[in-house]
Structure formats: structure tokens, C-alpha cells
Amino acid sequence: MKVKIKQTLREISTTDIDTAENLILLLAEPKTSTIPDFPYSALIKQRLSRQGKKDLSGGPHAFDLLNEVGTRIVLSTVKLTTSQFELLTLARNLVAQQLAFNPKKLILATVGLGDDLATRAIDAVVAALLAAVYPLPSFKRKKPPEKQLTTVRLFGLPRKINLSRTYAEAAGNNLARHMTTLPPNMLTPGHYRKEIQKLAKQYGWTSEFLDQRALRQKKAGAFLAVAQGSQNDEAGIVHLRYEPSATKGKKGTRVALVGKGICFDTGGTNLKPAKSMHGMHEDMEGSAVALGTLVALTEINVPFSVDCWLALSENLIGPRSYKQNDVVTASNGTTIEIVHTDAEGRMILADTLSLASKARPALIIDFATLTGACVYALSTRYSGAFTNRTGLINELIDAGRTSGERVWPFPSDEDFDDELASQVADVKQCTLGGEADHILATRFLNRFVDDIAWLHLDLSAGNHKGGLAHIPSNITGFGVRYTVELLLGQKILTKV
Ligand SMILES: [Zn+2]
């Protein structure tokens, strides 16, 4: 169900409020300690002073008006210095307070925010609404009530704003969260591939599937080492391609998105304990974010072509599972000594990055819930960013600040390779100690991207308890909004 948004280029009036059951109001932070003027502001001031308050600090505040419809107002002030992350977080909070009543219609108004802040605030609330109304898969017999919201009216805009990017990002994020929520017996690599095929048809992407036979021909021994632990032969690499009509048949600038799609991670023969294994169906979130980003870029109809490579497998324990001290050869000829079978993500990504590089895109971006070390370093509030183009670090940070999906960069200098030196192979897969594993994983993966500009996102913010920024669910789908901003807002393709 799509939420319709109607934009009105005037301030909200008393009549507008009197006909609305649910209203979200965002006000400029006043210079004095009083609250700015808007219809019913005198009444709100009165109510606040009865509670012993002089202003709207410590909000959001909720008020029920004694008009005919009993309008429920949820309001908050916004400062010009409010970051996009704070704005999105506030938006999630405001939206939750109104959606608890499950309204069909909602009014969203800004008062005195000015052009830029009003636009940012509206985008934030609309993004929060589109995330909150999306029904994530639920297998309870008693389903939670479906969100009824169909119409949102906007007031107080200085000019009409284009919300198509907000919609596209929401479509991508909702898809990523949907896929990541599905239980591992339902989203096996085979089922996942069928869902991806449906999307390819819907969006007009070309698609191919490299099954294990094809991967054996390509000598993709790193991917196959992980896949061999599964009794079924569902694992493989899906390759999708979006081409804008203008560049069909021509070689345009290409972005390659690569995603880790481990549909369940037991840890392999180095089996995880129950506490660490619980939730490991989410280990495919990187691939879901890559797929969601492709959806968003397609809906925006970006003028450059996009390749998307999804590495789908499970990491299971069984008689054929790979094991410590195995030596395997990746498709680019690199020999790898296995150190820990729970470091499977970098194994499947190695061959997938190698394949993506062969097509010589201008930029590769990979997404993976890759290391616990990244979570230890950043918590689940930020994701880690790594690149082989250190000149782009400011753009990487700025894309996080502007999108509200925050990343922080880590170093990945060449001398870290010393830790991965192997006695028997070109490289060790990881170390047993695990110190700076997020950085060592990057050094390992760096061997498979050739000289192509590359950004690696370690999705430590892929699951944050209680939700993050505008997203109300633990599973955040972090990365879609970030990547769209990086490509379109920061125009990263002109800088690589
Ligand atoms: Zn693992």
C-alpha cells in the first residue's frame, strides 16, 4: 500500500487543524524562551505553564485539543544545527506517537523552519513514516493490525519538494529489512534467488546465476570452500545489471555493488555457541542492502549503469565442511590458508569481488555484516568504512552525515598485511587472535579488487536494538540511504 503525500504551499490554519485527527508539528527553535506563534499556540502555552513549563524543551510533546475531532498534536522544536541523524531519530519518535493510533490520514506541518531545514525535516518524517508503515514478515497466528495510513498532507513548505528519492530509498530499505527478517528455513539461497528473479523481472534488470558448476569452471575456490558445507547445491553468485535507456549498449560509468549473502552462519566446523549463532539468518543483510540499493537507484532512474553481485550461500557444519589449515585457491589465483571457518564472509566475497573487478567498473562498493571487531570498535550505531582511495575519506564521512546513516573510516595501510603472512599459502584468511579483524578483513579483500576504486562497508549498524535513526525495527537495512547519498549527493563517481 502506497502512502500518498499532498503538498500545500501555505502555513497551516486553524481550520486545517480542526479537521485533522492527527497532526505532527515541527517548530523553529525560538530565540526567546517562549514558543513560536501558530494556531493554538496560546492554548499550548497555557497547557505547558499548567505543567510548570515555559517552553517546548524536553519534547516531543503531545496534546489533545478540545475541538470537534479532538486533534492529537505531537510537536517538537528543531534547531538549525540539528544533524540529519538527530532529525531522523526525532522523526521516528514523532511518527511512533501518532501511528500508535493507527490513523488513516495525517497532517505534517512545519512552522518557521526556513527552506533548507523545512525540506530536511519533511524528508526525515516522510522517511520515518514509510519505514514505520511497512509490515515486516510476521509468522504469528494473530497478526499485528495493519497500518491504515493512506494520506499525508504537508503544510508550511516554502516550495514543492521532490520526494521521489525519499520514496526510492524507502523502497530499497524496506526490501532489505524484509529479506533480512525472513527466517533461515524460508530464505535459503535457493528461495532468495527466486525472490531476486521476481525483482529482476519487475525492474527490468538483466540477470545471470553462476551456480557451483560455473564457479568451478572459474576456479572460485574461496567461494566453493564455504558452499561445500551445504548438502544442497543452492549456493552461487547472482549477477544483476541495471542500464539506463540512454546508455544501452554503450560503455558508461559503472558502479558495482557487491553483497555478502550468508543465509545462515553456524560458524562452520569452528561452531558458534548458541548466543552468537542466534540471529545469524541476518548474515545476508549485506546482499539485501546491495539489492535494496539497486532498487533505489533503478527507481530514481540514475543515468549510469549498475552491476550488482550477490554472493549467496550458507555456512553450515557437515562432513564436507571446509576446515582449519585447508589451503584453497581463489579465482584470481591467490592461495588462501584457512584459519577460522567462521570468517566465511571474506571467502565468498573474495571471488565475488574478483568477478566484479573483471568487468572494470569505475567504483566497487561492497556491503557485509563482516566482523565482530567492527562492532567492538564502533558499536551498532555506526558502520565501518574502508577504501583503497584515502583521498575520498571526507566524502565517505559526509555521505554519512548528510544521509543520517553514519559511517566512520578505518585505516588499512599495507603493513597490516604482515599479520596475514602464511607459511604455506599466499595469505592467511584471518588471524586466530582477532585483533583489528575488521582491518585485516579489508586487507584480505583488497587482494581481489585489482586497482579499481573500492569502498568496503562493514555493516556494524545492521542491527541496532530498538531501531536506529528513522528505522523503527532492530534490523536497520543500513546502507541504502547512505549509498544513494554517496553516489548522487556527494557525486563520488566524478571523483574516482
Ligand atoms: Zn561467520
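Residues numbered from 1 in each chain as written. Predicted model: local features only at pLDDT ≥ 70, side-chain atom pairs only at ≥ 80, totals over all residues.

Let's shift gears to the sheet that holds strand β6 (residues 151–155). An order of β1-β6-β5-β2-β4-β3 is seen for the six strands of this open sheet, with the pairing classed as mixed. Either end of the sheet is taken by a strand with one partner, and the two such strands are β1 (4–7) and β3 (61–64). Within this sheet the neighbouring strands show an average axis-to-axis angle of 20°, counted without direction. Here four bridges tie β3 to strand β4 (residues 72–78), and the two strands are oriented antiparallel to one another. Its bridge partner being in β4, Ala 62 is matched across the sheet by Val 74. Sitting on the sheet, helix α3 (residues 84–99) is in contact with β2 (22–28), β3, β4 and β5 (105–111), with an inclination near 170° to β4. The sheet contacts of helix α4 (residues 115–132) involve β1, β2, β4, β5 and β6, and relative to β5 the element is tilted by about 160°. (Pairing = 2+ DSSP bridges. Helix = DSSP H or I, 4+ residues; strand = E, 2+ residues; numbered from the N terminus. Axes fitted to C-alpha atoms, helices over the stretch in contact; angles between N-to-C directions. Contact = placed C-beta atoms within 7 Å.)

For the rest of this paragraph, the subject is the environment of Ile 12. With respect to the secondary-structure elements, Ile 12 resides in the loop between β1 and α1 (14–18). On the neighbour-count criterion, Ile 12 (23 C-beta atoms within 10 Å) is buried. Sequence separation between Ile 12 and Leu 108 is 96 residues; the distance between their C-alpha atoms is 9.3 Å. In contact with Ile 12, not counting residues within four places along its chain, are Ile 17, Phe 38, Pro 39, Ala 109, Phe 155 and Gly 156. (Buried ≥ 20, exposed ≤ 12 C-beta atoms within 10 Å, placed from the backbone.)

Okay, the sheet that holds strand β12 (residues 335–337) next. Strand order in the open sheet formed by three strands is β11-β12-β16, and the pairing between neighbours is mixed. In the strand order of this sheet, the two ends are held by β11 (327–329) and β16 (427–428), each with one partner. Bridging between β12 and β16 involves two bridges; their strand directions are parallel. Directly across from Ile 336, in β16, lies its bridge partner Val 427.

The next thing to look at is the domain arrangement of the protein chain. Here the protein chain is partitioned into domain 1 (4–161) and domain 2 (167–494). Domain 1 and domain 2 are separated by 37 Å when their C-alpha centres are compared. When contributions to the side of domain 1 that touches domain 2 are tallied by element, the ones reaching two or more residues are α3 and α4. The element contributing the most residues to the side of domain 1 that touches domain 2 is α3, with eight residues. Residue classes in the side of domain 1 that touches domain 2 are distributed as 14 nonpolar, three polar and one charged. (Domains from an automatic or database assignment. Nonpolar A, V, L, I, M, F, W, Y, C, P; charged D, E, K, R; others polar.)

All right, on to the pairing of β6 then. Remember that side chains alternate between the two faces of the sheet whenever the strand is regular. Bridge count for β1 against β6 is four bridges, and the pairing is parallel. Within β6, the position partnered with Lys 4 by the bridge is Thr 151. Examined bridge by bridge, β5 and β6 share five bridges and lie parallel to one another. Looking at β6, one finds that Leu 108 is bridged to Leu 154. Handedness of the β-α-β unit built from β5, α4 and β6 comes out right-handed. (Right-handed = clockwise from strand over helix to strand, strands pointing away.)

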